[in-house]
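# Chains, contacts and geometry: an overview
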Amino acid sequence: MKQILRIITGLIFILSGFVKAVDVVGFSFKLEEYFSPTVFNLPFFEKLALPLSIFVVALELILGLMLLLKIQVRKVLPALVALCIFFAFLTFYSAYFNKVTDCGCFGDAIKFTPWQSFFKDIFLLVLLLILWLLYRKDRKADETVSWAVPAFLVISAAFAFVIVYGIVREPVIDFRNYKIGTDLNAELKKVRDTPPTYKMFYTLKNTKTNEEKEVSQDEYVDNKEYWQDGTPWSIEEDKSESRIVSEGYKSEISKFHITDVSGNDMTNEITYAPKAVIVFSYAPEKVDKNLLHNIEMKLISLDGTYIAGVSTQPETYRYITNGVMDGTAIKTIARSNPFILVLERGKIMDKIPAEVFLKKY
């Protein structure tokens, strides 16, 4: 039994670590949110978000892999318990205080609410404690089979490649809504055609018995007892509220909204162009001016193409049309700063770091 439990637990940690390793820059954005003034207010650590993300992801992968391959199990288990407690603290904080509502525990591959993430961590913690009890007196658990170390080194090297590739270019596997091949116009239409559904819920009070009950707007309309002449039921306005009953079609692409410097919407202009090449920057103040100049010159040379520059500031670009978009929404599209998005009638044909674009096109 303990062997099966060890393998399952190790695989869970490897899965969790791998989807974060694929997009370690995205995970660093989540850590930045935790370090921001509105959460833990640790501005110094915001600058270290990426190195810390790499460390945490590497630790999760290495420890999970060691547990799976049965390498130094009795030493690995306490380290995993400590790591799990750390994650449980973050997810509990997120859930209880409604901060950083997507913890990024499984990257963009699997979405958890903060409470789901917290209970997942508690479940893992229980598994680890059971394993620790089962293995704590088992000295054979520290014996490593001959093939385990070479396998560990090879797999670790593969994980390192995935992390580095995701930092230098873009994630090896794109779990985001903006993956290549996505039709932005089709997605935006689904969002418009399937909006969230809300219903009113009334708190009613019986003026004769002081009884209170909650009913939906449909129940209220269907039951004459609540509203006919002479009814003892009255609506408690301050306790009644509108609630969402259907999420509708959810997509990060709903936030794809670009305006010009005057605030006019230019989204359709971009997504319906036969071909559009757009440079995006979520932190233009950090972009090398020479790089930005070279990108603009390259874009200007493209014939028959709609070109524009989009950032969080209205005067980032000197030679091409400036567009403005929310920084978090830009980060969702791609991780590089800046990056190039290539569209054909709203369909994503390519998205690449700016440096790579200059070499490729």
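Scope of this entry: the structure provided in the associated data block. (Residues numbered from 1 in each chain as written. Predicted model: local features only at pLDDT ≥ 70, side-chain atom pairs only at ≥ 80, totals over all residues. Heavy atoms only, no water.)

Glancing now at the overall build of the chain. Secondary structure assignment for the chain yields 13 helices and ten strands. For the chain, the spread of C-alpha atoms along the principal axes amounts to about 85 × 70 × 35 Å. Burial status across the chain gives 45% buried among its 361 residues. Sequence-distant contacts in the chain: of pairs separated by 6 or more residues, those separated by 24 or more amount to 69%. Within the chain, the 42 negative side-chain charges are centred at a point lying 9 Å from the centre of the 42 positive side-chain charges. (Helix = DSSP H or I, 4+ residues; strand = E, 2+ residues; numbered from the N terminus. Buried < 20%, exposed > 50% of the residue type's maximum accessible area, 1.4 Å probe, protein only. Contact = heavy atoms within 4.5 Å. Lys, Arg positive; Asp, Glu negative; His and termini not counted. Charge placed at Lys NZ, Arg CZ, Asp CG, Glu CD.)

This brings us to the packing of helix α1 (residues 2-22) against helix α7 (residues 148-168). Contact geometry for α1 and α7: axes closest at 8 Å, N-to-C directions at 30°. Counted together, I14, F18, A21 and V22 of α1 and F159, V162, I163 and G166 of α7 form the full contact between these two elements. Residues belonging to the contact of α1 with α7 are distributed by class as follows: seven nonpolar, one polar and no charged. (Axes fitted to C-alpha atoms, helices over the stretch in contact; angles between N-to-C directions. Nonpolar A, V, L, I, M, F, W, Y, C, P; charged D, E, K, R; others polar.)

Once that is clear, we can look at the sheet that holds strand β8 (residues 322-324). One open sheet accounts for six strands, arranged β5-β8-β7-β6-β9-β10; its pairing is mixed. Each of the sheet's edge strands pairs with one partner strand only, and the pair in question is β5 (259-260) and β10 (347-353). (Pairing = 2+ DSSP bridges.)

On to a nonpolar patch on the surface, then. Together, F92, Y96, F97, W115, F119, I122, V126, I130 and L134 give the surface a local cluster of nonpolar side chains, amounting to about 830 Å² of exposed area. If you list the elements that add at least two residues to the nonpolar patch, you get α5 (73-97) and α6 (114-135). Examining the composition of the nonpolar patch, we find that six residues originate from one element, α6, more than from any other. (Patch = residues over 30% accessible without salt bridge, like charges linked within 9 Å, V, L, I, M, F, W, Y side chains within 5 Å. Areas by Shrake-Rupley, 256 points an atom, 1.4 Å probe, with all protein chains shown as cover. Salt bridge = Lys/Arg side-chain N within 4 Å of Asp/Glu carboxyl O.)

It is worth spelling out the packing of aromatic side chains at this point. Applying the stated rule across the entire model yields 23 aromatic pairs. A ring pair is formed by F40 and F89, whose centres lie 5.9 Å apart and whose planes are at 10°; its orientation type is stacked. Of this pair, F40 sits in the loop between α2 (24-35) and α3 (43-46) while F89 is found in helix α5, placing the two residues 49 residues apart along the sequence. Ring geometry for F40 versus Y93: centroids 4.6 Å apart, planes at 45°, classification tilted. Residue F40 is located in the loop between α2 and α3, and its partner Y93 is located in helix α5; the two are separated by 53 residues in the primary sequence. Accessibility expressed as a relative area gives 17% for Y93, which makes it buried. Each residue in the set Y34, F40, F89, F92, Y93, Y96, F97, W115, F118 and F119 is aromatic and connected to the rest through ring pairs, giving one cluster. Over the ring of F27 we find K20, and its NZ or CZ is 5.5 Å from the ring centre. The lysine or arginine in question, R136, covers the ring of W132, its NZ or CZ lying 5.7 Å from the ring centre. (Phe/Tyr/Trp six-rings, centres within 6.5 Å; stacked < 30°, edge-to-face > 60°. Lys NZ or Arg CZ within 6 Å of the ring centre and 35° of its normal.)

For the bond running from N337 to P338, omega is 0°, close enough to zero to count as cis. With respect to the helices and strands, P338 occurs in the loop between α12 (327-333) and β9 (339-344). You will see that N41, though not glycine, has its phi angle at about 55°, which is positive. Turning to its location among the elements, N41 is positioned in the loop between α2 and α3. The phi dihedral of N210 falls on the positive side, at around 65°, and the residue is not glycine. Mapping N210 onto the fold places it in the loop between β1 (197-206) and β2 (212-216).

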